[in-house]
Amino acid sequence: MSEKLSTQPYKGTRDFYPQEMRLRNRFFGVVRRVLETAAFEEYNGPMLESLDLYAAKSGEEIATKQTYNFVDRGDRRLALRPEMTPTVARMVAAKMNELVFPLKWFSIPNMYRYEAPQRGRLREFWQLNVDIFGCDGYEADLDCISSAIEIMRAFGADETMFTVHINNRRFFNDVIAAIAGTDGEGAKQVSKVIDRKNKVPREVYERDLAALGLTAEQIAKIDALYTMSVEEATALCPDSVGSGELLQLFGMLKKAGLDRFCVFDFGIIRGLDYYTGTVFEVFDNAPENNRAMFGGGRYDNLVGLFVKNAKISGVGYGMGDVTLENFLVTHNLMPDPSADAVKVLVTRFDDVPYEAYLSLVSDLHRAGIPATLFLGSKKYGKQLEYALKGGFTHVITMGGDELSRGVLHLKNLSTREELELPATAAAVAEKV
């Protein structure tokens, strides 16, 4: 090989150096804390799944074009997971007679999609997945939406920064069928046009609806829905099951004090066909990043892909790490990876036995204090320089004199304060 290998990661993927990893760990730590507080349990699944799993859910063409897929040595068609919902549905189906419902699960796996990298979208990404299985009522929808709001609030976001846009697929289908005089399949075709409404010019939107047989009057009736409140919209189709679900959900959001974060939005469709009830998307309200960050909804029949006649309802959402990070950066809410972090360097001197330092560091570890002994042999000035450049918060100095007196010196590199303390981990723990 004559050419040198590139130091750049594969297009659409990222390297995470220690500083970035500290930030990510703090980032995901906030998410885990919120969900575990709400009694969600963490799970995971394999990175490799059968390609048929995604073909059955999304169609063969999408599954093959948007996945990294291959045929293994056993002639099996496999794919690197592009999403988590099919996996969790498979897992629930596999043990549906053993699990205790309702289930409240979450996962933060890395996933892969073969698509053009752009703002908010990469080929490898981490995505929070939150799902509730086995609750048919609006309570699960409310719980999922509430958890999404609480995650945003845990990062310091308020109602001026983001809004949850909510609709209902059953209601949408019934209203479209009433306006356009079409059946369920026709409503589905209309939904695909409306789902693209904000991504195409107005004339394209109207042309595509007209191609489905809608008149200008019918298009105007649909347009009017985009500015209606949930009460106004559901009054147009009061007998719809979806109308009742929307009114129940918004009524309880108001009672829970969460309505200030939420708005009814007839334009929210969630393009995937498996959504059957409530659907929602969380939007960044900042003009420079005004976009849907993440969303989800109710999917009442995915488990049926694996077990015939299985009737386990599900509702959930996916939150990508890239779009959430863009939101936090836009609103200056990124957590400080070094905040409250402690990292201690124990410096070395030739007149102190090496094992004395090892014993001190071991005691610090048992006390839960992140610490390391300087590796190698350098002058004290070089060791201090290493501590400053290496992100250490404190330096411990213990030479021969200190060792004989049973003391050490602890220096705070931020405040430059230096203290003489007993040479014990307990004494250090009180000051770091």
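Right above here is the structure, for reference.
Residues numbered from 1 in each chain as written. Predicted model: local features only at pLDDT ≥ 70, side-chain atom pairs only at ≥ 80, totals over all residues. Heavy atoms only, no water.

Visitor: When you look at the overall build of the protein in this model, what are you seeing that I'm missing?
Guide: A tally of regular secondary structure across the protein gives 16 helices and 17 strands. Across its three principal directions, the C-alpha atoms of the protein cover 90 × 60 × 50 Å. Burial status across the protein gives 47% buried among its 432 residues. Of the contacts formed within the protein by residues at least 6 apart in sequence, a portion of 66% connects residues at least 24 apart. Of the accessible surface of the protein, which amounts to about 22000 Å², a share of 51% is contributed by carbon and sulfur atoms. One way to put it: in the protein the 51 positive side-chain charges average out to a point 4 Å from where the 59 negative ones average out. (Helix = DSSP H or I, 4+ residues; strand = E, 2+ residues; numbered from the N terminus. Buried < 20%, exposed > 50% of the residue type's maximum accessible area, 1.4 Å probe, protein only. Contact = heavy atoms within 4.5 Å. Areas by Shrake-Rupley, 256 points an atom, 1.4 Å probe, with all protein chains shown as cover. Lys, Arg positive; Asp, Glu negative; His and termini not counted. Charge placed at Lys NZ, Arg CZ, Asp CG, Glu CD.)

Visitor: I keep staring at the side chain of asparagine 110 and nothing clicks. Help me out?
Guide: Within the element layout of this structure, asparagine 110 appears in strand S6 (residues 110-112). By relative accessible area, which is 13% here, asparagine 110 ends up buried. At a separation of 3.2 Å, a polar atom in the side chain of asparagine 110 contacts the side chain of glutamate 124. Apart from the residues within four sequence positions on either side, asparagine 110 is in contact with Met47, Arg81, Glu124, Phe125 and Trp126. (Polar contact = N/O pair within 3.5 Å; in protein donor to acceptor, adjacent residues only side chain to side chain.)

Visitor: Please explain the environment of asparagine 289 as it appears in this structure.
Guide: By the element assignment, asparagine 289 lies in the loop between strand S10 (278-284) and strand S11 (292-298). Through-space distance from the C-alpha of asparagine 289 to that of isoleucine 166 is 20 Å; in sequence the pair is 123 residues apart. Look past the residues within four positions of asparagine 289 in its chain and what remains in contact with it is Arg119, Asp284, Asn326, Phe327 and Thr330.

Visitor: I would appreciate a short explanation of the pattern of salt bridges in the present structure.
Guide: One side chain can pair with another of opposite charge once the charged atoms of both are near each other. Following the criterion strictly, the structure yields 22 salt bridges and no others. Of the charged contacts in the structure, one is a salt bridge between arginine 202 and glutamate 206, with a shortest N-O distance of 2.8 Å. Note that arginine 202 and glutamate 206 are positioned in helix H8 (residues 202-211) at a spacing of 4 residues, about one turn of the helix. Overall, arginine 202 belongs to the partly exposed group, its relative accessible area being 39%. Here glutamate 385 ties to lysine 389 by a salt bridge, and the two come within 2.9 Å at their closest N and O atoms. Of this pair, glutamate 385 and lysine 389 both sit in helix H14 (residues 380-389), separated by 4 residues, roughly a single helical turn. Given a relative accessible area of 33%, glutamate 385 falls into the partly exposed group. Lysine 389 gets classed as exposed once you look at its relative accessible area, which sits at 69%. One salt-bridge network, held together by shared partners, links Arg14, Arg24 and Asp321. (Salt bridge = Lys/Arg side-chain N within 4 Å of Asp/Glu carboxyl O.)

Visitor: Quick question: what am I supposed to make of empty space enclosed by the protein here?
Guide: A water-sized probe rolled over the atoms picks out the places where empty space is left. All chains considered together, the criterion is met by 1 cavity of 30 Å³ or more. One number sums up the size of the largest cavity: a volume of about 50 Å³. Around the largest cavity, the lining residues are Phe27, Phe28, Val31, Ile108, Trp126, Gln127, Leu128, Met319, Gly320, Asp321 and Leu324. For the lining of the largest cavity, the elements supplying multiple residues, two or more each, are helix H1 (18-37), strand S7 (124-133), strand S12 (314-320) and helix H12 (321-330). Taken together, the residues that form the lining of the largest cavity break down as 8 nonpolar, 2 polar and 1 charged. (1 Å grid on protein atoms, 1.4 Å probe; cavity = no way out; pocket = protein on both sides within 12 Å on 5 of 7 lines; lining within 4 Å. Points joined across faces, edges and corners; volume = space filled by probe spheres on them. Nonpolar A, V, L, I, M, F, W, Y, C, P; charged D, E, K, R; others polar.)

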